[in-house]
Amino acid sequence: MNNKMSYLLNTVRGMHKWSSVLTSKSSATRRKHLLWIGIYRDPPKHVNFRNLFLNILPSLQESSLRFLSQKTEVFSTGTKIQPEKSTDALVNEQSHQSSEELEKFDDCESIKVKHVTEHSELFFDRLQKCTCPCDVLDLASESAVSTKHFTNCLTTLWRLFKHLSDDQQRYEKQLIFEHPAFPRVCQQLLQNSRRLTRGDLVFSLHAVVSLGVPQNTLLVQTLVRVCQEKLNHLDNRCLSVLATTLSGMDKDKNVSALQAGLQLIVEQRIPSVRDIFILQNLMRCMGKDAPLFLKKKLEMAVLKEINHLTFMNALRVFFALVAMNYCSIPILNACSKKIQENVHDASFRQLILVLEGCNALQYRNVKLFSVLADYVNSTACLWDKRQITHFLSAFETLGFQPSELMESFAEKVTEDPEFFNLKSFFIILRVYSQLNYIPRGQKHLFFGTLDSCLNKFLPQITSTELLKAVYALCILGYLPRRALDELLQKDSKGELIPSGDTYKEQKEVMLRCVKTCMELDSPSFTKPAFVLTENFSSSVAFNLTKAQKALIELLGDEDMFQQNVQLPYKYHIDFEIRMDSDRKKVLPVAATDVHADSSVQRLAFLFVPMSAFCVGTTHPQGKLAMKMRHLNKLGYHVILVPNKKFQEMTDENAVEFLKGKIYSEDVCCLSEDNN
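What you are looking at is a predicted structure, and each value in this text was computed from that prediction instead of being measured.

Caption draft 1: Spotlight on the overall build of the protein. Scanning the protein from N- to C-terminus turns up 30 helices and 6 strands. Within the span of the protein, comprising 675 residues, buried residues form 47% of the whole. For the protein, the exposed surface amounts to about 35,100 Å²; the carbon and sulfur share of it is 51%.

Caption draft 2: Main features of helix H28 (residues 622-633). The end-to-end C-alpha separation of H28 is 17 Å, in line with the 16 Å expected for 12 residues at 1.5 Å each. Counting buried residues along H28, 10 of its 12 residues qualify, which places the element largely inside the surrounding structure. Among all positions of H28, only Gly-622, Leu-624, Ala-625, Met-626, Lys-627, Met-628, Arg-629, His-630, Leu-631 and Asn-632 are buried. Those residues of H28 hidden inside the fold are in contact with helix H21 (422-434), helix H23 (463-475), helix H25 (504-520), strand S3 (572-579), strand S5 (601-608) and strand S6 (636-642).

Caption draft 3: Inspection of the pairing of S3 at higher detail. Most of S3 is tucked away, with 7 of its 8 residues classed as buried. Taken together, strand S2 (residues 562-566) and the strand that follows it, S3, pair antiparallel across an intervening segment of 5 residues, in which Tyr-569 is found at a positive phi of about 65°. Where S3 and S5 come together, 5 bridges link them in antiparallel fashion. Bridging across to S5, Phe-575 finds its partner in Phe-605. Two successive antiparallel strands, S3 and strand S4 (residues 586-587), enclose a turn made up of 6 residues, where Arg-583 displays a positive phi of approximately 60°.

Caption draft 4: Representation of the packing of aromatic side chains. Overall, the coordinates contain 23 aromatic pairs when judged by the stated rule. Summarising the aromatic geometry, the rings of Phe-177 and Phe-182 are spaced 5.4 Å apart at their centres and angled 35° between planes, so their arrangement reads as tilted. Judged by its relative accessible area of 6%, Phe-182 is buried. Consider the rings of Phe-425 and Phe-426, whose centres lie 5.7 Å apart with planes at 75°: the pair is edge-to-face. Aromatic ring contacts, followed pair by pair, group Phe-409, Phe-419, Phe-420, Phe-425, Phe-426 and Phe-457 into a single cluster.

Caption draft 5: Up close: the nonpolar core. Core analysis: the largest hydrophobic core is formed by 168 residues, its most contacted members being Leu-298 and Tyr-432. With 21 residues, the next largest nonpolar core counts Ile-577, Met-579, Leu-603 and Leu-658 among its residues.

Caption draft 6: Spotlight on the side chain of Ser-193. Turning to its location among the elements, Ser-193 is positioned in the loop between helix H8 (181-191) and helix H9 (198-211). Those residues in contact with Ser-193 that lie beyond four places of it in its chain are Leu-201, Thr-222, Leu-223, Val-226 and Lys-230.

Caption draft 7: Representation of the confidence of the model for the protein in the model. In this model, the protein carries an average pLDDT of 79, and 77% of its residues clear a pLDDT of 70 or more. Note that residues 16-116 has pLDDT below 50 and, in this model, 82 contacts with residues that lie over four places away or in other chains. Under a pLDDT of 50 for its full length, residues 669-675 has, in the predicted model, 15 contacts with residues more than four places off or in other chains.

Caption draft 8: Fine view of the pairing of S5. Taken across its 8 residues, S5 has 8 buried, putting it largely inside the fold. Where burial is concerned, the two faces of S5 agree: the one with Gln-601, Leu-603, Phe-605 and Phe-607 and the one with Arg-602, Ala-604, Leu-606 and Val-608 are both buried. Sheet topology note: the S5/S6 ladder contains 7 bridges and is parallel. Counted as the bridge partner of Phe-605 is Ile-639 from S6. Where the polypeptide runs from S5 across H28 and back to S6, its parallel neighbour, the crossover connection is right-handed.

Caption draft 9: Summary view of the pattern of salt bridges. Evaluation of the coordinates by the stated rule reveals 16 salt bridges. A salt bridge links Glu-396 to Arg-430, with the nearest nitrogen and oxygen atoms 3.0 Å apart. Taken together, the positions of Glu-396 in helix H19 (residues 385-398) and Arg-430 in helix H21 put the pair 34 residues apart, joining distant regions of the chain. Assessed through its relative accessible area of 12%, Glu-396 is described here as buried. A single salt-bridge network, built from bridges that share partners, covers Asp-521, Arg-629 and Lys-633.

Caption draft 10: Up close: the side chain of Gln-340. The residue Gln-340 is located in helix H16 (residues 329-341) in this model. Beyond its immediate chain neighbours, meaning those up to four positions away, Gln-340 contacts Asn-365, Lys-367, Leu-368 and Val-371.

Caption draft 11: Structural view of the packing of H8 against helix H10 (residues 218-229). Close contact between H8 and H10 brings their axes to 10 Å; oriented N to C, the two are set at 30°. For the element pair H8 / H10, the angle class is roughly parallel. The two elements H8 and H10 cross, and the hand of that crossing is left-handed. Mapping the contact onto sequence places Cys-186, Leu-189 and Leu-190 in H8 and Leu-218, Leu-219, Thr-222 and Leu-223 in H10. For the contact of H8 with H10, a count of residues per class yields 6 nonpolar, 1 polar and no charged.

Caption draft 12: Up close: unusual backbone geometry. At Gln-362, a position not held by glycine, the phi torsion is positive, near 55°. Checked against the element boundaries, Gln-362 lands in the loop between helix H17 (348-360) and helix H18 (366-378). A positive phi angle, close to 55°, is found at Asn-564, a residue other than glycine. Mapped onto the fold, Asn-564 is located in strand S2.

Caption draft 13: Quick look at helix H22 (residues 443-457). Between its first and last C-alpha atoms H22 spans 21 Å; for 15 residues at 1.5 Å apiece the expected length is 21 Å, and the two agree. For H22, the complete set of buried residues consists of Lys-443, Phe-446, Phe-447, Thr-449, Leu-450, Asp-451, Cys-453, Leu-454, Asn-455 and Phe-457. On the buried face of H22, the contacting elements are helix H20 (403-415), H21, H23 and helix H24 (481-492).

What counts and what doesn't
Residues numbered from 1 in each chain as written. Predicted model: local features only at pLDDT ≥ 70, side-chain atom pairs only at ≥ 80, totals over all residues. Heavy atoms only, no water. Helix = DSSP H or I, 4+ residues; strand = E, 2+ residues; numbered from the N terminus. Buried < 20%, exposed > 50% of the residue type's maximum accessible area, 1.4 Å probe, protein only. Areas by Shrake-Rupley, 256 points an atom, 1.4 Å probe, with all protein chains shown as cover. Expected span 1.5 Å × (residues − 1). Contact = heavy atoms within 4.5 Å. Pairing = 2+ DSSP bridges. Phe/Tyr/Trp six-rings, centres within 6.5 Å; stacked < 30°, edge-to-face > 60°. Core = buried A, V, L, I, M, F, W, Y, C linked by side-chain atoms within 4.5 Å. pLDDT = per-residue confidence, 0-100. Right-handed = clockwise from strand over helix to strand, strands pointing away. Salt bridge = Lys/Arg side-chain N within 4 Å of Asp/Glu carboxyl O. Axes fitted to C-alpha atoms, helices over the stretch in contact; angles between N-to-C directions. Parallel < 35°, antiparallel > 145°, perpendicular 65-115°, else oblique. Left-handed = near helix turned anticlockwise from the far one by under 90°. Nonpolar A, V, L, I, M, F, W, Y, C, P; charged D, E, K, R; others polar.

Spelled out as structure tokens, the structure:
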């Protein structure tokens, strides 16, 4: 009987503790009380626990659980008790004693909980005051006692680490991995991985991967597997963090499986996501391999929130589209507008990434390029010369000519040519030749500076680099004598294009252009009285049937023009028309061939792609400009026709367009000073 009474009192204590657990706000208090109750989970074998619990339950329903702290009788139910009075008295006496003991136990427990709470608050206060990763690990070794402490240490560790410079990060990473507390943090994380909250789980994975913990370690692979198990329970914010983490991880079986699951979850949840930051993270994680329908869904979700874009969000969405390799013109236009409005807040790296992203997506926004170029030019005093060189290289890749920036930078080049190293020198050569820009008013000084720099680098450059440098200057119409002599010597010795060279054809084309420039751009070259031409059949890049029909309708006969004309130096033109000296009358081709007359004007029609012009203009790029210059030397007036625009014209408009070009005195004729 005494054993039964003892177990009865223990059960009542357990029920009281269970009630306090349910009403407790502290998770730590709940854990301790549950551990206390767990001591009594196994009743004695000779006691019928089910019957005993059913007998106690009515009393618990009719009386409040607060009676334990109010020192009331445990069984004051108002019902008649059948056992003997001596037994009643014993039970009452024991219950009073048990209540007092339980009160003391509660007080002790509350003191412990209060101590734990104060310890946690003190810990997190100290954690916030840490200024470097090693401070965090020192604190973890001294005070971290719970899983929450360790996960917060890890995320704080990464937060402090990522704001360090590259050199500091290399040094701190070594200190972190060698710190005795770091293995303990990782061990705690590994042991409690399945008990982590969803936020702690994804942030911990992000932290360990970002810190450089090898992906094939048990810790990382375990966290990835746990993320797979809990994927359906992650909220949108956690999915965003997980997406960011996976985008920086190598593909293995676990990562690929998690990415596949994440893609399915994202597809389902896209309509409910209203946060631009989360959307751009998901876009980056989905990457180039995401199916087109998913990219379109993400695009529509971003467009719904496009009016709430901030400058930083615009940059992130822009870069997310690049990561996804998806050119969404409406989104890019909105992002570009926000970038233009806040260009002064952008860093050097951000501006370069924007330009590189435009090139990757084949996105050409002339207004955006102009704003960025004007900003760099207006703040040129704040930039290093090599930074401006980097900007110019990015613009050249896009085919955009920032004329004002190139003009001001040319002045810096002539004032201080010593800043050039070999790499920046070749970038400048490529940019100015490809974009066909010759500084106004300082042409000879600019060319002389580049020539002297090239002569300085001659002893240290390879044959290929020498060919590229001479080729670039020749495109601009300048002949570097010393470099040319050395180039021709290497060519005569067979050192320039060795047999079996992978780039043999490309080098042969460049060398042929150099030799053509040496003849046609030489001061001693004189324009011939007439040029021998011949028709040839070739697979031309464009369908010129429309142009041919328009010329027949305009001129009345095919004998009034030539198509696909082959010229010396391996030049060819699409159409040739011959006119009298006053440009009033078109002459038959056969008649002018029989009676060659220097007074006959020859018009060369070149149908060219838009890529042959600088973006947003009809300014020819380097190779086309060189061809126009050489055709001028051969006695032709050159008329450039943007083929895409011409093909979009109606037949009537095409005829009127060609008529205006033929009988107009404003012919596109490139002179030496025309940029």
